[in-house]
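Understanding the architecture of this molecule
Chain residues, written in single-letter form:
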Amino acid sequence: MFDYVAPRSVREAVDALGDPGRSAVVIAGGQSLLLEMHLARRRPDLVVDVNRVAGLDGLGVDGDSLRVGALVRHAAFEAPQAVPGPLGTLFRQAVTNIAHPPIRARGTLVGSLAWAHPASEWCAVALSLDADIALQDSDGARQVPAGDYFQGPHRTARRPRELITSVRFPLLGDDTGVGFIEHRRTHFCFATVAVSATLTVRDGVISDSRIGLVNASDRPVRARAAEQSLIGAEPIDDLFSHAGRVAAEQDAAPVAEPFADAGYKRQAVAVLVGRTLRLAAADQRSRATERTEGLR
């Protein structure tokens, strides 16, 4: 048995989480937590339902970043107008790979970051884009960069008494192309491997790239070696294939699963990184063409 509270404000929520005599959990969408409780893997003393907390459902541009509140559902990112520019395209490509419509209608992006499953699409996107995660407890608020946040499967820098209130993603410029590709056994399975990629091209060469790997380790991975192999080079197919091999050999640390051993996953990383970079390059060329035609 557990107690249940439904606070109306962030202060009430963090006060409930701060009770030192209780093992408390936060529920927003509940798509992962409820299954864990059903299977008795989690036995909290207190469930803090934040669905009535004012201000956590905000989604919008704030300066040069996109702020996503803790109650913004996955499905919100399916709408073309939800997020502007290349970032919106990347989010739409990623979200269509998340489970199925009922899950996307209830689950939240921030909930995925809190759960920190190695196969989470949002965790890899957040890591690759240097997102900032806002946390709050009874002592105050703090920001944690995604690069410091993920520490292992279901392990993060979030303290037990902290609530994630929002996450900020930097907006992407019009000279950046994006891509997201996922490989899984069936449509409803977790990703065997997935790749998120951005590619910025200026004066005919790659000036920046961000590559996130899903389920290629015990936590989301930013493929920094593969990114570096691209900088200063022309965006051609052979380069992308080489970056895929670099990602598989130097960035990935795959964990074997019943239907995919480590070798299979490493090969999947090599192939998908190359394909996703080609998709991002095509997107970048399309945006460049649109800008050129718009100037005529």
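Per an unreviewed UniProt entry, the chain is named FAD binding domain-containing protein, and its organism is Dactylosporangium cerinum.

Once that is clear, we can look at the pairing of strand β6 (residues 132-137). For a regular strand, the rule is simple: side chains alternate between the two faces of the sheet. In the sheet, β6 pairs with strand β7 (residues 140-145) via six bridges, with the strands oriented antiparallel. Across the sheet, residue A134 finds its bridge partner in β7, namely Q143. Adjacent in sequence and paired antiparallel, β6 and β7 are bridged by two residues. Pairing analysis gives five bridges linking β6 to strand β10 (residues 163-170), with the strands arranged antiparallel. Opposite L135, over in β10, you have I164 as the bridge partner.

So, on to the sheet that holds strand β4 (residues 59-62). Taken in spatial order, the five strands line up as β4-β5-β10-β6-β7 in an open sheet, and their pairing is antiparallel. Whereas interior strands pair on both sides, the edge strands pair on one side only; in this sheet they are β4 and β7. On average, each strand axis in the sheet is inclined to that of its neighbour by 25°, with strand direction left out of account. Across the sheet, helix α1 (residues 10-17) touches β6 and β10, and the angle it forms with β10 is around 120°.

Moving on: the packing of aromatic side chains. Scanning the model with the defined rule gives five aromatic pairs in all. Centre to centre, the rings of Y149 and F150 are 4.9 Å apart; their planes meet at 85°, and the pair counts as edge-to-face. Comparing Y149 with F150 shows no difference in burial state: the two are buried. Through a chain of ring-to-ring contacts, the aromatic side chains of F77, F91, W122 and F169 assemble into a single cluster. Its end group placed over the ring of F259, R185 keeps NZ or CZ at 3.7 Å from the ring centre.

Mapped onto the elements of the fold, S120 is located in the loop between α5 (109-115) and α6 (121-128). From its side chain, S120 meets the backbone nitrogen of W122 in a polar contact 3.4 Å long. If sequence neighbours within four positions are ignored, S120 has contacts with S112 and V214.

Membership of the largest hydrophobic core comes to 54 residues, with the highest contact counts inside it found for F91, L113 and F169. For this core, the leading source of residues is α6, giving six residues. Beyond its immediate chain neighbours, meaning those up to four positions away, F91 contacts L66, F77, V83, L109, W122, V125 and F169. One finds V193, V201, A247 and A248 within the second-largest nonpolar core, a separate group that totals 28 residues.

Rules behind the numbers
Residues numbered from 1 in each chain as written. Predicted model: local features only at pLDDT ≥ 70, side-chain atom pairs only at ≥ 80, totals over all residues. Heavy atoms only, no water. Pairing = 2+ DSSP bridges. Helix = DSSP H or I, 4+ residues; strand = E, 2+ residues; numbered from the N terminus. Axes fitted to C-alpha atoms, helices over the stretch in contact; angles between N-to-C directions. Contact = heavy atoms within 4.5 Å. Phe/Tyr/Trp six-rings, centres within 6.5 Å; stacked < 30°, edge-to-face > 60°. Buried < 20%, exposed > 50% of the residue type's maximum accessible area, 1.4 Å probe, protein only. Lys NZ or Arg CZ within 6 Å of the ring centre and 35° of its normal. Polar contact = N/O pair within 3.5 Å; in protein donor to acceptor, adjacent residues only side chain to side chain. Core = buried A, V, L, I, M, F, W, Y, C linked by side-chain atoms within 4.5 Å.

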